[in-house]
Amino acid sequence: MYPIERGLPARAAMGRLCLCICLVLPAVAGCAAVGPDWQRPGVKMEQGYDPSAVSQAGRLAASPGVAAQSVGIERDIPGEWWTLFHSPVINDLVQRALRNNPDIDAAQATLRQAQELAQAEHGRGLPALTATLGSSRQKQPQSYQVGSRTPALLYDDQSAQLDLSYTPDFWGAYRRSVEQARAQVDYQHFQLEAAYLAISAGVVTTAIQLASTQQQVQAQEQLIAFEQKQLDTVQRQFELGAATGSDVATQQAQVAQAYTVLMPLRTQRDVQRHQLAAYLGVTPAEATIPDIHFDTLSLPGDLPLSLPSALIAQRPDVRAAEALWHAQTAALGVSVAQRLPNITLSAAYGSDASRPSGLFSPTNVLWSVAGKAMQSLFDGGQLKHAETAQRHQMEAADAAWRTQVVAAFQNVSDVLSAVRDDADNLHYAIEAKEAAGRSLSLASGQFRLGGVSYLSVLAAQQTYQTAVIGLVRAQASRYIDSVALYQALGGGWWNRADADVAQAGRDREEAR
């Protein structure tokens, strides 16, 4: 620090430093940042899906009891795709889950944190100006000399100072840091979208499973009532001598066996209700889960199928992996820049006096202007190996992205195969149930007339029981696999109305 009377006048020195910074800023902005520049990976996959699954799932013809479905290439997905099932109950459950689920709250908070960190990172590349105001009172000890005694001295010191510092971003370290932070924002954004998708799909799937389980419970209870009636018939025939004790014991075992099927179904129904409560963000005791029936659901007739190139831009998990790859690429640029020289410019302007009123005196002004260049000459290879390690981390992120891409196409192909086979499976399940019902009716009538043994009735009962449960599960599979297709294609987040997602939708179009 120097008094104002010595050397360059303070105002001129500070003015020149500010002018220097103003000239350096645009010059630095035009410098290329070191490290690799990120480019969104181009994916040319015209045959990314299983061709047989795509061709056969293109048109699923209707049959008695089986609604038709079609899969259309490039058919878009609504932002609220679950409304296509036309179930007010499911719509309400999904909306409640999206409002109250703590996983979404956590993802939203993490996204806001990433946005604030990106803003903070952006500020690191700008000049820093700080103000300091200080006041102190100091007493020096008495000094003793031969034959004299110097009294103790008291000092008051008042100071005020502005400090300006700036490190020009010649190599792009700050710009790469900002790029990395923004990529982290993108990652957290797609993590939030993945949470939205997982919870909405989870609610719809669990609700359909609950409807299926409830219908299986009702079917099983009807079978138990029927078999109990059969037991009453066998007991009367035993009393008349037309049936044996073995027949009675066999039917009693059949009734008990039917109850062993019913009890796990009731447990499964309760577990699914508890799962829905968890999706809603409440405890099972607090949850209000209305009954859901298949006859209140509509099977979407027009299913979408995105182009392979669009799928990469739609899937939140793929986009999240892409954002991490982007972040690691930017981090490599930071590692490269850390090995290069850095220049720091600084200046200070202030005043120091014994009394506050003296701070405004020109004779008490202090100022300084300084420049400093730094270059690491020896660090034991730390910076070099850190750069190499970051390069490998970028390569790992690249591989993780490719893994997600392959998994996405596998997921969609799996679901298409399931959708293709669901209609046939339901058709055969209906035929099996109808045939088993006729067989049971005939066997029961013939047994009452003494035309067949009870073993024939027992076999027909078991066949009918299996056919009824199979039909309910086949019906549920069509709904569940339709949900899985919407989820596998990304869930239509780009068509939601909120501002952040609208911006992400524009990013999706650019990716395509």
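Further up the page is the structure itself.
No experiment lies behind these values; they were computed from the predicted model shown.

Caption draft 1: Representation of the overall build of the chain in the model. Scanning the chain for helices and strands turns up eleven helices and ten strands. Across the 512 residues in the chain, those meeting the buried criterion constitute 41%. For the chain, contacts bridging at least 24 residues in sequence account for 83% of all contacts bridging at least 6. Surface exposure of the chain reaches about 26,600 Å², of which carbon and sulfur atoms provide 55%.

Caption draft 2: Helix 6 (residues 245-279), seen in detail. Compared with the 51 Å implied by 1.5 Å per residue over 35 residues, the 52 Å span of helix 6 between its first and last C-alpha is a close match. Two residues or fewer past helix 6, Gly-281 is found with a positive phi of approximately 80°.

Caption draft 3: Fine view of the environment of Asp-422. Mapped onto the elements of the fold, Asp-422 is located in helix 9 (residues 382-448). Apart from the residues lying within four places of it in its own chain, the contact partners of Asp-422 are Ser-477, Arg-478 and Asp-481.

Caption draft 4: Molecular detail of the pattern of salt bridges. Going through the model one piece at a time under the given rule, you end up with 15 salt bridges. The salt bridge partner of Arg-315 is Asp-317, with a shortest N-O separation of 2.8 Å. Between Arg-420 and Asp-421 there is a salt bridge; the shortest N-O distance is 3.0 Å. For Arg-420, a relative accessible area of 16% corresponds to the buried category. Salt bridges linked by common partners bring Asp-37, Arg-176 and Glu-179 together as one network.

Caption draft 5: Local environment of the packing of aromatic side chains. Applying the stated criterion across every chain, the model contains nine aromatic pairs. Both rings, one in Trp-81 and one in Trp-82, keep their centres 5.7 Å apart while their planes meet at 75°; by these two values the pair is edge-to-face. Just as Trp-81 is buried, Trp-82 falls in that class too. Here the aromatic residues Trp-38, Trp-325 and Trp-401 are joined through ring pairs into a cluster of three or more. A cation over an aromatic ring shows up here: Arg-496 above the ring of Tyr-196, its NZ or CZ 4.5 Å from the ring centre.

Caption draft 6: Geometry of unusual backbone geometry. Phi at His-86 is positive, roughly 55°, even though this residue is not glycine. With respect to the helices, strands and loops of the structure, His-86 is situated in the loop between strand 3 (69-73) and helix 3 (88-100).

Caption draft 7: Just the packing of helix 5 (residues 173-240) against helix 9, in detail. One can describe the packing of helix 5 onto helix 9 by two numbers: an axis separation of 11 Å at closest approach and a directional angle of 15°. Considering the angle they form, helix 5 stands roughly parallel to helix 9. The crossing of helix 5 and helix 9 is left-handed. The segment helix 5 lies against helix 9, with Phe-226, Gln-230, Thr-233, Val-234 and Gln-237 engaging Leu-440, Ser-444, Phe-447 and Arg-448. Class assignment of the residues belonging to the contact of helix 5 with helix 9 gives a composition of four nonpolar, four polar and one charged.

Caption draft 8: Layout of the environment of Pro-127. Here Pro-127 lies in the loop between helix 4 (102-124) and strand 4 (128-140). Taking C-alpha positions, Pro-127 is 4.5 Å from Tyr-166, a pair spaced 39 residues apart along the chain.

Caption draft 9: Summary view of helix 10 (residues 454-488). For helix 10, spanning 35 residues, the distance from its first C-alpha to its last is 50 Å, which sits close to the expected 51 Å at 1.5 Å a residue. Where helix 10 terminates, the next one or two residues include Gly-490, which has phi positive at roughly 110°.

Caption draft 10: Local environment of the nonpolar core. Grouped together as the largest cluster of nonpolar side chains are 74 residues, with contacts concentrated most on Trp-81, Leu-93, Val-203, Val-204, Ile-208, Val-412 and Leu-489. Looking at this core, the element that brings in the most residues is helix 5, giving 16 residues. Residues within four places of Val-203 in sequence aside, it is in contact with Leu-93, Val-94, Ala-97, Leu-276 and Tyr-279. The next biggest cluster of nonpolar side chains, apart from the first, holds 18 residues, and it includes Ala-219, Leu-231, Phe-447 and Tyr-454.

Caption draft 11: Broad picture of a nonpolar patch on the surface. A cluster of nonpolar residues, Phe-170, Trp-171 and Ile-343, forms a patch on the protein surface that exposes about 230 Å² of accessible area. Position of Ile-343 relative to the elements: it lies in strand 9 (residues 342-353).

Rules used throughout
Residues numbered from 1 in each chain as written. Predicted model: local features only at pLDDT ≥ 70, side-chain atom pairs only at ≥ 80, totals over all residues. Heavy atoms only, no water. Helix = DSSP H or I, 4+ residues; strand = E, 2+ residues; numbered from the N terminus. Buried < 20%, exposed > 50% of the residue type's maximum accessible area, 1.4 Å probe, protein only. Contact = heavy atoms within 4.5 Å. Areas by Shrake-Rupley, 256 points an atom, 1.4 Å probe, with all protein chains shown as cover. Expected span 1.5 Å × (residues − 1). Salt bridge = Lys/Arg side-chain N within 4 Å of Asp/Glu carboxyl O. Phe/Tyr/Trp six-rings, centres within 6.5 Å; stacked < 30°, edge-to-face > 60°. Lys NZ or Arg CZ within 6 Å of the ring centre and 35° of its normal. Axes fitted to C-alpha atoms, helices over the stretch in contact; angles between N-to-C directions. Parallel < 35°, antiparallel > 145°, perpendicular 65-115°, else oblique. Left-handed = near helix turned anticlockwise from the far one by under 90°. Nonpolar A, V, L, I, M, F, W, Y, C, P; charged D, E, K, R; others polar. Core = buried A, V, L, I, M, F, W, Y, C linked by side-chain atoms within 4.5 Å. Patch = residues over 30% accessible without salt bridge, like charges linked within 9 Å, V, L, I, M, F, W, Y side chains within 5 Å.

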